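# Structure at a glance
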Amino acid sequence: MQKIAVFTGTRAEYGLMKTLIKKLESDIDIDFNLLISGTHLEEKFGNTKDEIHFDGIKNTQFLKIKKDLTYKNPMSYQTGETIKLISQALESLNPKFLIVLGDRYESFAAAVAAHLSGIKIVHLHGGEKSLGSIDNKLRNAISQLSSIHFTSADIHKRNVQNIISSSENVYDVGPLVIDGLLDLKKRSK
């Protein structure tokens, strides 16, 4: 049985990965766990952990990041806290793979924790670009730490290949939003 964990820190990435998460959880050959952190656990962002619960995802762990706004740069403090929490969870779960999506600091922290724990990282949606934000460097760092890459377009595949200086284990599978659209239940008017 293959042990796989998925990390989610925001509603946006969870929405993209929801179909994948459900398929992994329902696969009898996979020991699946979902690590939930970031804005999912914050009331001001709608406690979107409830959406995950409503979707019926069972094997979950909640990793609440302490907010200490006394620091000049709270994002660096929160990244450190996230690395610590995810390291503890990964030590307990001992998955072979950790799947992360995108470019946020929480995903970066998850990738760092997995890399330093010797766990292979599967990066979704690498090679994309966000203008004027720190996200590009975090996304590229996640790509550097990752063993397997699933990109959303051929141009992003080429970007990842340039970032990691290899074409090995880089696959253009299209955007995950397509899976969600194909999974939509039709409703009558």
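Only a predicted model underlies this, so the values are computations on that prediction, with no experimental measurement involved.

## Details of a nonpolar patch on the surface
A cluster of nonpolar side chains, namely Val177, Ile178, Leu181 and Leu182, defines an oily patch on the protein surface of about 390 Å² accessible area. Locating isoleucine 178 in the fold gives a position in helix H7 (residues 177-183). Owing to a relative accessible area of 39%, isoleucine 178 belongs among the partly exposed residues under this scheme.

## Brief notes about the pairing of strand E4 (residues 97-101)
Most of E4 sits inside the fold, with five of its five residues counted as buried. Neither face of E4 is open: one carries Phe97, Ile99 and Leu101, the other Leu98 and Val100, and all of them are buried. Direction of pairing for strand E1 (residues 2-8) relative to E4: parallel, over a ladder of three bridges. Following the sheet pairing, isoleucine 4 is matched in E4 by phenylalanine 97. The sheet contact formed by E4 and strand E5 (residues 120-124) spans five bridges and is parallel. Residue pairing for E5: phenylalanine 97 is matched across the bridge by lysine 120. Between the parallel pair E4 and E5, the chain is carried across by helix H4 (residues 105-116), and the sense of this crossover is right-handed.

## Thoughts on helix H1 (residues 11-26)
The end-to-end C-alpha distance of H1, which contains 16 residues, comes to 21 Å, matching closely the 22 Å that a straight helix rising 1.5 Å per residue would cover. All buried positions along H1 are accounted for by Glu13, Tyr14, Met17, Thr19, Ile21 and Leu24.

## Regarding the layout of surface pockets
Of the pockets and cavities examined, the second largest pocket occupies roughly 160 Å³. Together, 13 residues line the second largest pocket, and Leu20, Leu124, Phe150, Val173 and Leu176 are the ones closest to its centre. For the lining of the second largest pocket, the class distribution of residues is nine nonpolar, three polar and one charged.

About the thresholds
Residues numbered from 1 in each chain as written. Predicted model: local features only at pLDDT ≥ 70, side-chain atom pairs only at ≥ 80, totals over all residues. Heavy atoms only, no water. Patch = residues over 30% accessible without salt bridge, like charges linked within 9 Å, V, L, I, M, F, W, Y side chains within 5 Å. Areas by Shrake-Rupley, 256 points an atom, 1.4 Å probe, with all protein chains shown as cover. Salt bridge = Lys/Arg side-chain N within 4 Å of Asp/Glu carboxyl O. Helix = DSSP H or I, 4+ residues; strand = E, 2+ residues; numbered from the N terminus. Buried < 20%, exposed > 50% of the residue type's maximum accessible area, 1.4 Å probe, protein only. Pairing = 2+ DSSP bridges. Right-handed = clockwise from strand over helix to strand, strands pointing away. Expected span 1.5 Å × (residues − 1). 1 Å grid on protein atoms, 1.4 Å probe; cavity = no way out; pocket = protein on both sides within 12 Å on 5 of 7 lines; lining within 4 Å. Points joined across faces, edges and corners; volume = space filled by probe spheres on them. Nonpolar A, V, L, I, M, F, W, Y, C, P; charged D, E, K, R; others polar.

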